[in-house]
Amino acid sequence: MPTYKVPEVGQRLAYNYNFAKVISNTLASDEKFFQWGQNVELYYYTRRTPPTGELRSREIHMGSRTSDRLSHTLALLIESPPEFVIVARGWHLRKSHPIENWIMDNYIVIKPELPYNLPNIGMRFYTLKPDKSSS
């Protein structure tokens, strides 16, 4: 995205537009990622469907039908774990939330190779632990 568009769309959207290219280049066409946080535009920019149907983790934390949404999301993640998890800037994984527990138990932190003009702005990236990817 050209830098002149940043004031129009906002820094986060412009960054994620460019970061989506990294995701698309990292994952095979049949691989999935799960975004934990509020950066729902990553699904749009990569033209990939969320693996759980939930877009924003805030609704799983405190939205309407929180318990149902949490159970459904966790069941889908366990049934078909995505290859990649992105934790949005400002979200910190804690052992007090079932989905965050699941991420910490099944994934390891990675540092993807980012272009020099695309610094990491505080997002964290995870891939399936080697012993989990074959299950």
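**Re the overall build of the protein chain**
Link 1 in the chain: From N to C terminus, the protein chain includes 6 helices and 4 strands.
Link 2 in the chain: Helices and strands in the protein chain line up, N terminus first, as α-α-β-α-α-α-β-α-β-β.
Link 3 in the chain: By the burial criterion, 39% of the 135 residues in the protein chain qualify as buried.
Link 4 in the chain: Relative to all contacts within the protein chain whose residues are 6 or more apart in sequence, the contacts with residues 24 or more apart total 57%.
Link 5 in the chain: Of the roughly 7900 Å² of accessible surface on the protein chain, 52% is carried by carbon and sulfur atoms.

**Thoughts on the environment of F33**
Link 1 in the chain: Within the secondary structure, F33 sits in strand β1 (residues 33–36).
Link 2 in the chain: Remark: the alpha-carbon pair of F33 and Y126, spanning 93 residues in sequence, is separated by 9.6 Å.
Link 3 in the chain: If sequence neighbours within four positions are ignored, F33 has contacts with I23, L27, L42, Y43, T46, R48, P51, P82, F84 and I86.

**Quick notes on helix α5 (residues 66–79)**
Link 1 in the chain: The terminal C-alpha atoms of α5 lie 20 Å apart, and with 14 residues this matches the ideal 20 Å at 1.5 Å per residue to within 8%.
Link 2 in the chain: For α5, every residue scored as buried is listed here: L70, T73, L74 and L77. Taken end-on, α5 shows its buried residues confined to a sector of 95°, consistent with a single buried face.

**Things to note about the pairing of β1**
Link 1 in the chain: Side chains of β1 alternate between two faces, with F33 and Q35 and F34 and W36 buried alike.
Link 2 in the chain: Across 4 bridges, the pairing between β1 and strand β2 (residues 84–87) is parallel. Bridge pairing links F34 to V85 in β2.

The rules behind the values
- Residues numbered from 1 in each chain as written.
- Predicted model: local features only at pLDDT ≥ 70, side-chain atom pairs only at ≥ 80, totals over all residues.
- Heavy atoms only, no water.
- Helix = DSSP H or I, 4+ residues; strand = E, 2+ residues; numbered from the N terminus.
- Buried < 20%, exposed > 50% of the residue type's maximum accessible area, 1.4 Å probe, protein only.
- Contact = heavy atoms within 4.5 Å.
- Areas by Shrake-Rupley, 256 points an atom, 1.4 Å probe, with all protein chains shown as cover.
- Expected span 1.5 Å × (residues − 1).
- Arc of directions from axis to C-beta.
- Pairing = 2+ DSSP bridges.

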